[in-house]
Amino acid sequence: QVQLVESGGGLVQPGGSLRLSCAASGGHFSSYVMGWYRQPPGKQRELIAAITSGGNTDYTDSVKGRFAISRDNAKNTVYLHMNKLKPEDTAVYYCTGGIGVYDYWGQGTQVTVSS
């Protein structure tokens, strides 16, 4: 079965950058739409970035221009490059994937933006 494992989270100062990685095993990664959700404390999960099998991307307005999603099909890995981070970006970030529906979820990685 498919497994997604996120890495790269941690503590960063406002204005800083982080790169999250999501490594996939099993399934057919190159055929999947991949996405990143985040869940701030006490709030609902929100889809913030997505990338199709062909490399087309989409972002929610709050991260547009600051975050970039990319994928390396040869490595079965999707990335989230986060720049100009703000305290409101603090959340657990989840990697998702699937065909039509996000069937598979990672365990999440914590990102904390604080001085």
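Here, the structure is the one placed above.
Residues numbered from 1 in each chain as written. Predicted model: local features only at pLDDT ≥ 70, side-chain atom pairs only at ≥ 80, totals over all residues. Heavy atoms only, no water.

Caption draft 1: Fine view of the side chain of Arg66. The topology assignment puts Arg66 in the loop between strand S6 (57–59) and strand S7 (67–72). Of the polar contacts made by the side chain of Arg66, one reaches the backbone oxygen of Lys84; its length is 3.0 Å. (Helix = DSSP H or I, 4+ residues; strand = E, 2+ residues; numbered from the N terminus. Polar contact = N/O pair within 3.5 Å; in protein donor to acceptor, adjacent residues only side chain to side chain.)

Caption draft 2: Spatial organisation of the state of the cysteines. Enumeration according to the criterion identifies one disulfide in this entry. Through a disulfide, Cys22 is tied to Cys95; the S-S separation comes to 2.0 Å. Residues Cys22 and Cys95 are joined by a disulfide whose S-S torsion is about -80°; by sign, that bridge is left-handed. Linking Cys22 in strand S3 (residues 18–25) with Cys95 in strand S9 (residues 91–98), this pair joins segments that are 73 residues apart in sequence. The pair Cys22 / Cys95 is uniform in exposure class, with both members buried. (Disulfide = S-S within 2.5 Å. Buried < 20%, exposed > 50% of the residue type's maximum accessible area, 1.4 Å probe, protein only.)

Caption draft 3: A look at the pattern of salt bridges. For the structure on display, the rule yields three salt bridges. Put simply, Asp89 and Arg38 hold a salt bridge, and the shortest N to O gap is 2.9 Å. Of this pair, Asp89 sits in the loop between strand S8 (77–82) and S9 while Arg38 sits in strand S4 (residues 33–39), and the two are 51 residues apart along the sequence. Grouping residues by exposure puts Asp89 and Arg38 together as buried. Its salt-bridge partner being Arg66, residue Asp89 comes within 2.8 Å of it at the nearest N-O pair. Note that Asp89 is positioned in the loop between S8 and S9 and Arg66 in the loop between S6 and S7, a separation of 23 residues in sequence. In this structure, Asp89 and Arg66 share a single accessibility class: buried. (Salt bridge = Lys/Arg side-chain N within 4 Å of Asp/Glu carboxyl O.)

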